[in-house]
Amino acid sequence: MALSRVSSSSPSILLKPLSSYLSLRRRSVSSSSTDPLTVETSLPFTAHRCDEPSRAVETSAAELLSFFRDMALMRRMEIAADSLYKAKLIRGFCHLYDGQEAVAVGMEAAITRKDCIITAYRDHCTFLSRGGTLLEVFAELMGRRDGCSKGKGGSMHFYRKEGGFYGGHGIVGAQVPLGCGLAFAQKYCKDENVTFSLYGDGAANQGQLFEALNISALWDLPSILVCENNHYGMGTAEWRAAKSPAYYKRGDYVPGLKVDGMDALAVKQACKFAKEFALKNGPIILEMDTYRYHGHSMSDPGSTYRTRDEISGVRQERDPIERVRKLLLSHEISTEKELKDTEKEVRKEVDEAIAKAKESQMPDPSDLFKNVYVKGLGVEARGADRKEVIATLP
Amino acid sequence: MATLFHPTAAFSTSHKLHIPSPISVRKGQIFVVRSDARMNNLISRGAHKSQTQRLLTNAVATKADNSSSSKTGHELLLFEALQEGLEEEMERDPRVCVMGEDVGHYGGSYKVTKGLAPKFGDLRVLDTPIAENAFTGMGIGAAMTGLRPVVEGMNMGFLLLAFNQISNNCGMLHYTSGGQFKIPIVIRGPGGVGRQLGAEHSQRLESYFQSIPGIQMVACSTPYNAKGLMKAAIRSENPVILFEHVLLYNLKERIPDEEYVLSLEEAEMVRPGEHVTILTYSRMRYHVMQAAKTLVNKGYDPEVIDIRSLKPFDLYTIGNSVKKTHRVLIVEECMRTGGIGASLTAAITENFNDYLDAPIICLSSQDVPTPYAGTLEEWTVVQPAQIVTAVEQLCQ
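Residues numbered from 1 in each chain as written. Chains lettered and ligands numbered in written order. Predicted model: local features only at pLDDT ≥ 70, side-chain atom pairs only at ≥ 80, totals over all residues. Heavy atoms only, no water.

Attention now goes to the interface of chain A and chain B. Between chain A and chain B, the contact holds 48 residues from the first and 55 residues from the second. Carbon and sulfur atoms make up 63% of the surface buried where chain A meets chain B, a total of about 4,300 Å² over both sides. Looking only at chain A, the three residues that lose the most surface to chain B are Tyr188, Tyr373 and Val374 of chain A, adding up to 16% of its buried area. In this assembly, chain A and chain B are joined by 0 salt bridges. Across the contact surface, chain A and chain B share 17 residue pairs in polar contact (both at pLDDT 80 or more). Elements that contribute at least two residues to the side of chain A that touches chain B include exactly helix H6 (175–188), helix H7 (207–219) and strand S11 (380–382) of chain A. For the side of chain A that touches chain B, the leading source of residues is H6 of chain A, giving 9 residues. (Contact = heavy atoms within 4.5 Å. Buried area = accessible area lost by both parts, 1.4 Å probe. Salt bridge = Lys/Arg side-chain N within 4 Å of Asp/Glu carboxyl O. Polar contact = N/O pair within 3.5 Å; in protein donor to acceptor, adjacent residues only side chain to side chain. Helix = DSSP H or I, 4+ residues; strand = E, 2+ residues; numbered from the N terminus.)

Okay, here's the thing in structure tokens:
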């Protein structure tokens, strides 16, 4: 099914999220053009109960450049988070997204901020693509006041209401019913927007997912379930966890589409298709075939259940950033040097954000009691010793 | 005596509750709210409620003490009172919707949502499949965007399947998002020990939910407070769990015609007294009142308080009572271990230990699964005779 819309307006939406807060000074004349450019995805889509979209993706030089920059930023941010974790500035759980950046970036390119995205705990990059800033990310990871959740959420609880990003959830699979609820609200308010509920191949075996899918299909909700299949549910490979690892088919009566999740353009095409589809026909499942380079989280080396050869193989052949780099070079949109400069800028940005985040304050003790209830309850809460600290919940 | 006043409220579609000059009546005392609708005088009778409450409550004439007003108001059953409250709120605010099993076309398994589906349509009164985890999660997700769903568990016990959603998402999202998301959801349903319903259908979930930070829990016991609490719960910006009781749905009472909303955090003084404070809620209120009759005949003067608000406790009302009587008896339907009574005992001991003349006695259900056999079931819950004995013991 070919897409009818030529997205000449989408690059401008794209440039807003990440690149806009940094003044763009370089770019040769031809490279910043928004003239439409058609690129073929390297792999075909596989469809279940629907007609797959065309492999020819409408894009532009500017969009490709923004893809590159955004993904490089995300990659750099995750690597920096890795070092911060090892330096014990980030504690607890830290789930890194490097390798999967194409999903976040491609999805954002296809939708607006009025569409909602909800995901699980591997949320740093999705938060960024929805308009979050690096400072908010690092401050939250380090538990500082300037974090997006005021330091009280942590790595797994990033939210951005004005960006339509609903988190950030620690319990596997619980975000899918929430996401279907968001889609329900969109239908209730007659919004013409959709909700993307992201989950992993591990969560795909959760019962609540199928419950929510059933209800979404019954009520015709604009709900798009996106399985980010990185082939490992923590330490368990997908063939050991799922009898049927064809996650896009698991919806049975719900149509599905399998997408090469390492190709940002394919992701963009699929999300665009899915949005149109969901607004007309109800839920659809997208399976993004992707890969994570890090282990499940920082406590997982990631090498006990897969070989280093596998990881480096994927990095060489399917890396999303390299793919866009090759496109940029082959279409002569940018030179090798310019791209390297972009990467250096991005690195600098991340370092600056980290430095700023390190200076940010820790939360005040009174912050412990804030936001338990919405303002106005006046309830008393007691500190650990039950006598010394008596606070009124604001 | 108590008089009725009609609050001339402009219930505009902006959903702000600005009631120009309501007057609230409580058992012979009148509090006037200033016309700028600041709440300070209305509810607060002390330091605890120094914050301006967004929810203006205007409890209109309480029921028991005005036999003179038996001509005004209308009589209905408790489930009808809940339905009235729900219907009024749905009319008032288009964002209110109801989700649950058999709430729509069937009319609700306890008829609380009867007539709503034909009136408001399938998009506002939603029949869900049997998937508590999913539809509770969906209700919470919808609430994150600003809708105000009322999620019904056909029996509170079924909500155990949605425990993760209620605990992690419902209770904690406001906090972990740094205040970005509000979850104005109401989760309601019948619970408690019924008539030989068996162990799995006789659960008291208030004891399981009470630790969850960020939620409020209330239990209704009369048609009057059922309607008021339902309305208050829907208007509240916090997630509220409203516990109804299976055996109380057919209670009949005369309630005012005027619109009224009760306060979610307040306890209800059922019978003022001097000798002992009896704290109770939901169905046990009726066992206590039955015991109270016997006690009065024996010369005791118990003060009976229906705590209504299970989380947070109305320690103000309770404290005043303890300071007056110096003896406390808690009668609840929760199990002995980890129930509401256990928490209440701890709260009272911490706060009011100096005022107590005797240790607190807490009468709860036995720590057993509720058996099917009628006699056994009777022995698991607290009976009036046991209450009488406990009071006599306390007052020695």
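Cross-referencing UniProt, the feature "domain: Dehydrogenase E1 component" (unreviewed entry) maps to residues 69–365 of chain A in the present numbering. From the first C-alpha to the last, residues 69–365 of chain A spans 39 Å; its make-up is 46% helix and 10% strand. (UniProt positions renumbered as here; feature names shortened; annotations may be inferred.)

Before going further, it helps to examine the UniProt feature "domain: Transketolase-like pyrimidine-binding" (unreviewed entry) in chain B. UniProt records the feature "domain: Transketolase-like pyrimidine-binding" (unreviewed entry) at residues 76–251 of chain B, using the numbering of this structure. Here residues 76–251 of chain B runs as 36% helix and 18% strand, with 8 Å between its end C-alpha atoms.

Right, let's get into the packing of aromatic side chains. Residue and element names in this part refer to chain A. Across all of its chains, the model carries 13 aromatic pairs over all chains by this definition. Between the aromatic rings of Phe127 and Phe158, the centroid separation amounts to 5.2 Å while the plane-to-plane angle is 70°, which identifies the pairing as edge-to-face. Separated by 31 residues along the polypeptide, Phe127 in helix H4 (residues 124–129) and Phe158 in the loop between helix H5 (134–141) and H6 bring together distant segments of the chain. As far as the burial class goes, Phe127 and Phe158 line up, both buried. For the pair Tyr232 and Tyr305, a centre-to-centre distance of 5.3 Å together with 50° between the ring planes defines the contact as tilted. Residue Tyr232 is located in strand S7 (residues 232–233), and its partner Tyr305 is located in the loop between strand S10 (284–289) and helix H10 (308–318); the two are separated by 73 residues in the primary sequence. Given a relative accessible area of 18%, Tyr305 falls into the buried group. In textbook terms, an aromatic cluster arises when at least three aromatic residues are bridged by ring pairs, as seen for Tyr232, Tyr291, Tyr293 and Tyr305. (Phe/Tyr/Trp six-rings, centres within 6.5 Å; stacked < 30°, edge-to-face > 60°. Buried < 20%, exposed > 50% of the residue type's maximum accessible area, 1.4 Å probe, protein only.)

On to the packing of H7 of chain A against helix H3 (residues 132–145) of chain B. It is the contact of H7 of chain A with H3 of chain B, at a shortest axis distance of 8 Å, that shows an interaxial angle of 65°. As summarised for this structure, H7 of chain A and H3 of chain B are arranged roughly perpendicular, according to the angle between their axes. In this structure, H7 of chain A crosses over H3 of chain B, and the sense of that crossing is right-handed. Along its contact with H7 of chain A, which presents Gln208, Glu211, Ala212, Ile215 and Trp219 of chain A, the element H3 of chain B presents Glu132, Asn133, Ala134, Phe135 and Met138 of chain B. Its residues placed into classes, the contact of H7 of chain A with H3 of chain B shows 6 nonpolar, 2 polar and 2 charged. (Axes fitted to C-alpha atoms, helices over the stretch in contact; angles between N-to-C directions. Parallel < 35°, antiparallel > 145°, perpendicular 65-115°, else oblique. Left-handed = near helix turned anticlockwise from the far one by under 90°. Nonpolar A, V, L, I, M, F, W, Y, C, P; charged D, E, K, R; others polar.)

Here the focus is H10 of chain A. Residue and element names in this part refer to chain A. If you check which residues of H10 are buried, you get Ile311, Gly313, Val314 and Arg318. Taken end-on, H10 shows its buried residues confined to a sector of 160°, consistent with a single buried face. Of the exposed residues in H10, the ones pointing more than 90 degrees away from its buried face are Arg308, Asp309 and Gln316. (Arc of directions from axis to C-beta.)

For the rest of this paragraph, the subject is the side chain of Arg283 of chain B. Residues and elements named next belong to chain B. Looking at the secondary structure, you find Arg283 in the loop between strand S12 (276–280) and helix H8 (284–298). Side-chain polar atoms of Arg283 contact the side chain of His287, separated by 3.3 Å. In contact with Arg283, other than residues within four places in its own chain, are Val193, Arg195, His245, Leu247, Leu248 and Glu333.

This part covers the pattern of salt bridges. Residues and elements named next belong to chain A. Under the counting rule described, the total for this entry stands at 47 salt bridges over all chains. One salt bridge connects Arg145 with Asp367, and the closest N-O pair in it is separated by 3.0 Å. You can see Arg145 sitting in the loop between H5 and H6 and its partner Asp367 sitting in the loop between helix H12 (336–359) and S11, a full 222 residues away along the chain. On the basis of relative accessibility, which here comes to 30%, the residue Arg145 falls in the partly exposed class. Classification of Asp367 by relative accessible area gives buried; the value is 8%. Close ionic contact of Arg323 with Asp260 constitutes a salt bridge, the shortest N to O distance being 2.9 Å. Taken as a pair, Arg323 in helix H11 (residues 320–330) and Asp260 in strand S9 (residues 256–260) lie far apart in primary sequence, 63 residues in all. Comparing Arg323 with Asp260 shows no difference in burial state: the two are buried.

This paragraph deals with the state of the cysteines. Residue and element names in this part refer to chain A. The tally for this structure, following the rule as stated, stands at 0 disulfides over all chains. In this model Cys50 remains outside any disulfide bridge; the closest cysteine sulfur is found in Cys271, 13 Å from its own. Given a relative accessible area of 15%, Cys50 falls into the buried group. Its sulfur unpaired, Cys94 is 10 Å from the next cysteine sulfur, which belongs to Cys125. (Disulfide = S-S within 2.5 Å.)

Hydrogen bonds between backbone atoms are what pair the strands of a sheet, whose relative direction is either parallel or antiparallel. Residues and elements named next belong to chain B. The 5 strands are arranged S11-S13-S12-S15-S16 in an open sheet whose pairing can be described as mixed. Each end of this open sheet is capped by a strand with a single partner; those strands are strand S11 (268–271) and strand S16 (361–365). Adjacent strand axes in the sheet meet at a mean angle of 25° when their direction is disregarded. With 4 bridges connecting them, strand S15 (residues 328–335) and S16 associate as parallel partners. In the sheet register, Ile330 faces S16, and the bridge partner there is Cys362. (Pairing = 2+ DSSP bridges.)

Residue and element names in this part refer to chain B. Here 7 strands make up an open sheet; going across it, the order is S5-S4-S6-S7-S9-S8-S14 and the pairing mixed. Whereas interior strands pair on both sides, the edge strands pair on one side only; in this sheet they are strand S5 (125–127) and strand S14 (309–311). In this sheet, neighbouring strand axes are inclined to one another by 20° on average, regardless of whether the strands run parallel or antiparallel. As defined by bridge partners, strand S4 (residues 96–100) adjoins S5 across 3 bridges and the pair is classed as parallel. Each bridged residue has a counterpart across the sheet, and for Met99 the counterpart in S5 is Leu126.

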